[in-house]
Amino acid sequence: MTPQEWQQYRQQAAQAWRRVEDPQETIIWVSTDSGAYASGASHTLDAVRRFVAERGIRAHVRITASFGTTWLEPVVDIRRPGAPRVTYGHITADKVGGLLESVLLGNDARADMAYAAWSEQPYQGIQPLSATNWWRPQKRVLLARCGAIDPESLQDYVATGGYEAFEKALFQMTPDEVIAEVKASGLRGRGGAGFPSGIKWESARGERNTPKYIIVNCHEGEPNVFKDRRLMEGDPHQFIEGLLIAAYAVGAKTGYIYIGSEYPLAIQRTRLAVRKLYEVGLLGENILGTGMNFDVKVVPGAGAYISGEASAAIYGIQGQKGMPRTKPPRSAEAGLWGKPTVVNNTETMANVPHIINNGSDWYSTLGTEKSPGTSVFSLAGDIVNVGLTECEMGITMQDLLFISGGGMRGGKKYRAVLAGGISGGALPEHTLHLPNEFNALEAEGSTMGSGGYIIYDEDTCMVDLAWYCTRFNRSESCGKCVPCREGTASQLVMLDRIRQGTATERDLDRLVQSSNDIIAYSLCGLGQAAPIPTLSVLKHFREEFLEHVREKRCRAGVCRFEHARDGQRDGDSFVVTPANRRIPLVATGAR
Amino acid sequence: MDNNATKRQFYIGGIEDPWTGSQQDRDRVLSILRGFEGYDPLEALIPALHELQKEYGYIPEEAANIISQEWQIPATDLFGVVTFYADFRTEPRGRNMLWICEGAACYFMGGPQLGQAAQEKLKIEYGETTLDGEWTLRRADFCYGACHLAPLVDLNHTVFGPLSKDELGRLIDNPPKEPEGSHKL
Ligand SMILES: Cc1cc2nc3c(=O)[nH]c(=O)nc-3n(C[C@H](O)[C@H](O)[C@H](O)COP(=O)(O)O)c2cc1C
Ligand code: SF4
Ligand code: FES
């Protein structure tokens, strides 16, 4: 496509988008992403289409992805001419008829089924979205298009300012200027480690060895982190645009998008997006007549969490066992096929178009000095608003969990939040004033990680939590190094003894000791983070451990102490699980 | 090849192994491989294994050997990959595939209890297949990104949740063909 043809495409897209903004026509949006589908959204969509066709209603039915309100799925949005868009929650197929009947034909906005109206003022008794607790603390940058556009349409993306940043980079900036801009923005990696992305790009650009590669790490195997998933399912072109800009800046010829096999819909939508880009000529040879060549391949993973680690992802793409390796050399020097490679997280890439469009000055006004920008948090567990929320970095835990997250479900008492997911630590109530930014939670033994927060109420046993996290790390350990492979296994035994009431207080000291050893001598981030949940629980909830050990009492009523016999110990060669089954202690990585 | 067939029958009860070792099967593997022409064999390996597993429900050893020969990938490397990744199975699967989510939300909201109920009802442990070849049971350590439905199970790529033990029991008694209220992922 020549630049002129591309401008024509852009105009066509804008033309088509007018239909969405057109107030003459009723629009019905049905949210379709994996969370919505799990709740039955495909049946809802069918029912909506059937209703509209059978009643001969003039309405435009569109699909979108969720804008973050996963707990409301299946979500249907309706905008009638002259009225604001209204979001309705829990619209399973059987409720579609009743809803559409009254809203479209009966002139009743059904405040009883509505969550919020996208207006400044309340509408027919429906609260405005901006007044909801969930929305109030948010600052939407990356999720701005989620819920607004059809994720399967390139036109929608282009009509809402898509690929403008890529054009700007390509036609108005040199690669060095792009890198300088990203560096100045202070963008830090969202995959967990928070490494400055501009520096990574710069060192890959400086390498002589060619060809160079870019990998977008969409593996996200950590339980209860689903922000990358929603970014892929809701707005796949956004991070692909970031990838194109990175390719231009670094001088790469091929990009890989590495997606975990647990994410079939994300793979499907990303593949579709890539195919459309080839069709319009934004991928392939001589992109927009500039002589830039760039290919993108979408590569599926195969269900190993450890393959999300950057060097393991490289082996995974090369069709090998996804095990991390020692560094140096860093991937920027010798990565995929031994060539300079940049590995960035999906959300990191999704930030890039916004930085190029609005400039690094704008970007640094968001968030905090050390962690600029916004971050997408996945909230799950015993909390009301299970789903996504995008807030500026530095928002306090209190605001994040109790305002945007809606607080505890069923009036239960807060016990802990597992911040940063399985590789982070549990934080008790008195730490909720802490800000969410890189390196702020470490003092309390936790981390922001990739922004997946799981909230637990008083019915959760903290020993069980430590056991669970250790089991996860144990079974996902790749087995390459002894401290991680055997250390987590022996911790699992110790924690299980505590759960069973057969431990002594010395076991607690041993746990700390072995944790420190595992952290010190493991090769990659999995081993280095594996004992963190245990240590954080020992630090903040020590009295619960002591209750288990001394009194054989579990205040949450989870541990049954069936094996507790005073002065006696279980054998060390196996672990007794709650189902009283033996888990052999060999490295299988079995799921 | 015939004695192989007996071995397979033994190991998965009454059900027929989808891989018979016939020329037709071998051709099918070759046609999967042809779909990756122009790719670096190593880059194509994992996607090809996924396709093979889609076809047969697992990675038959003979099929893996064909890949190894055709693509000049040492068999040890190839079997290393097959056994490293949790997605790939080396045994035929049951007709129904039941995953119990034990992600960090489902685990604390009743996932293990569902798992225990399923294990007791089907009389197998995680990772095993019933002798009649009807059910394979697995534990999901990942999260389905649908924690609002916790605790949930995934039956033949359809998510059900939140479930009680009894509801799970009824689901196992009557696995729905085209379930309401949920969707193929
Ligand atoms: C065990 C382990 C698992 C990881 N999983 C992921 C993942 O799923 N997605 C991801 O983007 N980064 C993951 N990382 C971090 C990557 O190693 C790497 O730091 C990141 O992809 C770099 O991108 P960023 O700089 O944009 O964050 C993981 C790290 C470890 C140690
Ligand atoms: S720390 Fe654990 S996961 Fe990482 S390389 Fe070593 S054994 Fe593998
Ligand atoms: S933990 Fe089960 S769906 Fe998230």
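Being a predicted model, the structure only gives us computed values, none of them experimental.

With respect to the overall build of chain A
Next, step 1: From N to C terminus, chain A includes 20 helices and 17 strands.
Next, step 2: Relative to a compact globule of 591 residues, whose C-alpha radius of gyration would be 25 Å, chain A shows 25 Å and is just as compact.
Next, step 3: With the C-alpha coordinates of chain A rotated into their principal frame, the extents come out at 80 × 65 × 40 Å.
Next, step 4: For chain A, contacts bridging at least 24 residues in sequence account for 70% of all contacts bridging at least 6.
Next, step 5: For chain A, the exposed area adds up to about 20800 Å²; of that, 48% sits on carbon and sulfur atoms.
Next, step 6: Distance between charge centroids for chain A: 4 Å, based on 64 positive and 66 negative side chains.

A short note on the overall build of chain B
Next, step 1: In terms of helices and strands, chain B carries seven helices and four strands.
Next, step 2: Starting at the N terminus, the α and β elements of chain B follow one another as α-α-α-α-α-β-α-β-β-β-α.
Next, step 3: The long-range share in chain B, meaning contacts at least 24 apart out of those at least 6 apart in sequence, stands at 62%.

With respect to the sheet that holds strand β7 (residues 254-259) of chain A
Each strand in a sheet pairs with its neighbour through backbone hydrogen bonds, running either in the same direction (parallel) or in the opposite one (antiparallel).
All names here are of chain A.
Next, step 1: Taken in spatial order, the five strands of this open sheet run β8-β9-β7-β6-β10, and their pairing is mixed. Two strands close off the open sheet at either side, each with one partner strand: β8 (284-287) and β10 (341-345). Averaged over all neighbouring strand pairs, the angle between strand axes comes to 25°, with direction disregarded.

Observations concerning the site of ligand 1
All names here are of chain A.
Next, step 1: Of all residues adjacent to ligand 1, which total 19 residues, the nearest are Gly 191, Lys 200, Glu 220, Asn 345 and Thr 348.
Next, step 2: Within the backbone of Gly 191, a nitrogen or oxygen atom sits 2.7 Å from an oxygen atom of ligand 1.
Next, step 3: At a separation of 2.9 Å, an oxygen atom of ligand 1 approaches a polar backbone atom of Ala 310.
Next, step 4: With the chains in place, 88% of the 610 Å² that ligand 1 exposes on its own is no longer accessible.
Next, step 5: Mapped by element, the contributors of at least two residues to the shell around ligand 1 are β10 and α18 (525-529).
Next, step 6: At three residues, the largest contribution of residues to the shell around ligand 1 is made by β10.

Focus: the interface of chain B and chain A
Next, step 1: Across the boundary between the two partners, chain B contributes 42 residues, which contact 62 residues of chain A.
Next, step 2: In this assembly, chain B packs against chain A so that about 4300 Å² is buried in total across both faces, 58% of it on carbon and sulfur atoms.
Next, step 3: For chain B, the biggest contributors to the area lost against chain A are Phe 84, Phe 108 and His 148 of chain B; these three give 16% of the whole.
Next, step 4: Between the two partners, chain B and chain A, sit three salt bridges.

Focus on the domain arrangement of chain A
Residues and elements named next belong to chain A.
Next, step 1: Entries for chain A in the domain assignment read domain 1 (3-131), domain 2 (161-364), domain 3 (374-457) and domain 4 (463-573).
Next, step 2: Contacts between domain 1 and domain 2 engage 13 residues on the former and 14 residues on the latter.
Next, step 3: Interface of domain 1 and domain 2: buried area, both sides summed, is about 1100 Å²; carbon and sulfur atoms make up 54% of it.
Next, step 4: Area buried by domain 1 at its contact with domain 2 is led by Trp 6, Arg 10 and Ser 34, which between them contribute 47% of it.
Next, step 5: Its salt-bridge partner being Arg 10, residue Glu 164 comes within 3.9 Å of it at the nearest N-O pair.
Next, step 6: Scanning the region where domain 1 abuts domain 2 turns up eight residue pairs in polar contact (both at pLDDT 80 or more).
Next, step 7: At the level of elements, α1 (3-21) and α2 (34-38) are the ones that each hand at least two residues to the side of domain 1 that touches domain 2.
Next, step 8: By residue class, the composition of the side of domain 1 that touches domain 2 is six nonpolar, five polar and two charged.

A few points about the sheet that holds strand β1 (residues 26-31) of chain A
All names here are of chain A.
Next, step 1: Overall, mixed pairing links the five strands, which are arranged β2-β1-β3-β4-β5 in an open sheet. Looking at which strands have only one partner, the edges of the open sheet turn out to be β2 (59-64) and β5 (114-117). Direction aside, the axes of adjacent strands within the sheet are offset by 20° on average.
Next, step 2: With six bridges connecting them, β1 and β2 associate as parallel partners. Following the sheet pairing, Ile 27 is matched in β2 by His 60.
Next, step 3: Sitting on the sheet, α1 touches β1, β2 and β3 (76-79), and the angle it makes with β2 is about 110°.

Quick notes on the domain arrangement of chain B
Interface extent is often summarised as the accessible area lost during association of the parts.
Next, step 1: Domain annotation for chain B reports domain 1 (3-84) and domain 2 (96-173).
Next, step 2: Taking only C-alpha atoms, the centre of domain 1 of chain B and the centre of domain 2 of chain B are 28 Å apart.

Observations regarding the confidence of the model for chain A
Next, step 1: Averaged over every residue, the pLDDT of chain A is 91; the share at 70 or more is 95%.
Next, step 2: Across residues 566-591 of chain A, where pLDDT falls below 50, the model places 58 contacts with residues more than four positions away in sequence or in other chains.

Considerations on the nonpolar core
Next, step 1: If you look at the biggest cluster of nonpolar residues, it comprises 106 residues, and the most contacted ones within it are Tyr 163, Trp 201, Ile 257, Phe 294, Leu 401 and Tyr 453 of chain A.
Next, step 2: Here the element with the most residues in this core is helix α10 (residues 236-250) of chain A; it accounts for ten residues.
Next, step 3: Residue contacts for Tyr 163 of chain A: discarding those within four places in its chain leaves Trp 6, Arg 10, Leu 154, Tyr 157, Val 158, His 237, Ile 240, Glu 241, Leu 244, Leu 277 and Leu 282 of chain A.
Next, step 4: Core analysis: the second largest hydrophobic core is formed by 80 residues, Ala 313, Ala 426 and Leu 511 of chain A together with Val 81 of chain B among them.

Digging into the packing of aromatic side chains
Next, step 1: Following the criterion strictly, the structure yields 24 aromatic pairs over all chains and no others.
Next, step 2: Seen in terms of ring centroids, Phe 36 of chain B and Tyr 39 of chain B are 5.9 Å apart; in terms of plane orientation they differ by 75°. Their pairing is edge-to-face.
Next, step 3: Assessed through its relative accessible area of 12%, Phe 36 of chain B is described here as buried.
Next, step 4: The exposure class assigned to Tyr 39 of chain B is partly exposed, which follows from its relative accessible area of 44%.
Next, step 5: The rings of Phe 67, Trp 71, Tyr 115, Trp 118, Trp 134 and Trp 135 of chain A are connected pair by pair, giving a single aromatic cluster.
Next, step 6: Across the ring face of Trp 29 of chain A, the terminal group of Arg 85 of chain A is positioned such that the distance to the ring centre comes to 3.9 Å.

With respect to the site of ligand 2
Next, step 1: As a structural note, the neighbourhood of ligand 2 is formed by 13 residues, with Cys 478, Lys 480, Cys 481, Cys 484 and Cys 524 of chain A the closest of them.
Next, step 2: Split into classes, the residues belonging to the shell around ligand 2 amount to eight nonpolar, four polar and one charged.

Some points on the side chain of Asp 382 of chain A
Next, step 1: Note that Asp 382 of chain A resides in the loop between β11 (374-381) and β12 (387-392).
Next, step 2: The residues contacting Asp 382 of chain A, other than those within four sequence positions of it, are Gly 407, Met 408, Arg 409, Ile 455, Tyr 456, Asp 457 and Thr 460 of chain A together with Met 109 of chain B.

As for the state of the cysteines
Residues and elements named next belong to chain A.
Next, step 1: If you walk through the whole model with that rule in mind, you get zero disulfides over all chains.
Next, step 2: Cysteine Cys 461 shares no disulfide, and the gap to the nearest cysteine sulfur, in Cys 559, comes to 3.7 Å.
Next, step 3: Looking at Cys 469, it has no disulfide partner, and the nearest cysteine sulfur is the one in Cys 461, 12 Å off.
Next, step 4: The exposure class of Cys 469 is buried, given its relative accessible area of 0%.

Let's talk about helix α6 (residues 164-172) of chain A
Next, step 1: Of all the positions in α6 of chain A, only Ala 165, Phe 166, Glu 167, Ala 169 and Leu 170 of chain A are classed as buried.
Next, step 2: In the core, the buried residues of α6 of chain A are packed alongside α1, α7 (175-185), α10, β8, β9 (292-300) and α13 (346-365) of chain A.

Structural notes on the pairing of β8 of chain A
Residues and elements named next belong to chain A.
Next, step 1: As paired elements, β8 and β9 share two bridges and run antiparallel to each other. If you follow Gly 284 over to β9, its bridge partner there is Phe 294.
Next, step 2: Between the antiparallel neighbours β8 and β9 lie four residues, among them Leu 288 with a positive phi of about 50°.

Looking at the packing of α7 of chain A against α13 of chain A
Residue and element names in this part refer to chain A.
Next, step 1: Direction vectors running N to C along α7 and α13 enclose 35°, while the axes themselves pass 8 Å from each other. Where α7 crosses over α13, the two elements pack in a sense that is left-handed. On α13, the residues that touch Val 178, Glu 181, Val 182, Ala 184 and Ser 185 of α7 are Ile 355, Ile 356, Gly 359, Ser 360, Tyr 363 and Ser 364.

Rules and cut-offs
- Residues numbered from 1 in each chain as written.
- Chains lettered and ligands numbered in written order.
- Predicted model: local features only at pLDDT ≥ 70, side-chain atom pairs only at ≥ 80, totals over all residues.
- Heavy atoms only, no water.
- Helix = DSSP H or I, 4+ residues; strand = E, 2+ residues; numbered from the N terminus.
- Rg over C-alpha atoms; globule rule 2.2 N^0.38 Å.
- Contact = heavy atoms within 4.5 Å.
- Areas by Shrake-Rupley, 256 points an atom, 1.4 Å probe, with all protein chains shown as cover.
- Lys, Arg positive; Asp, Glu negative; His and termini not counted.
- Charge placed at Lys NZ, Arg CZ, Asp CG, Glu CD.
- Pairing = 2+ DSSP bridges.
- Axes fitted to C-alpha atoms, helices over the stretch in contact; angles between N-to-C directions.
- Near = heavy atom within 4 Å.
- Polar contact = N/O pair within 3.5 Å; in protein donor to acceptor, adjacent residues only side chain to side chain.
- Buried area = accessible area lost by both parts, 1.4 Å probe.
- Salt bridge = Lys/Arg side-chain N within 4 Å of Asp/Glu carboxyl O.
- Domains from an automatic or database assignment.
- Nonpolar A, V, L, I, M, F, W, Y, C, P; charged D, E, K, R; others polar.
- pLDDT = per-residue confidence, 0-100.
- Core = buried A, V, L, I, M, F, W, Y, C linked by side-chain atoms within 4.5 Å.
- Buried < 20%, exposed > 50% of the residue type's maximum accessible area, 1.4 Å probe, protein only.
- Phe/Tyr/Trp six-rings, centres within 6.5 Å; stacked < 30°, edge-to-face > 60°.
- Lys NZ or Arg CZ within 6 Å of the ring centre and 35° of its normal.
- Disulfide = S-S within 2.5 Å.
- Left-handed = near helix turned anticlockwise from the far one by under 90°.

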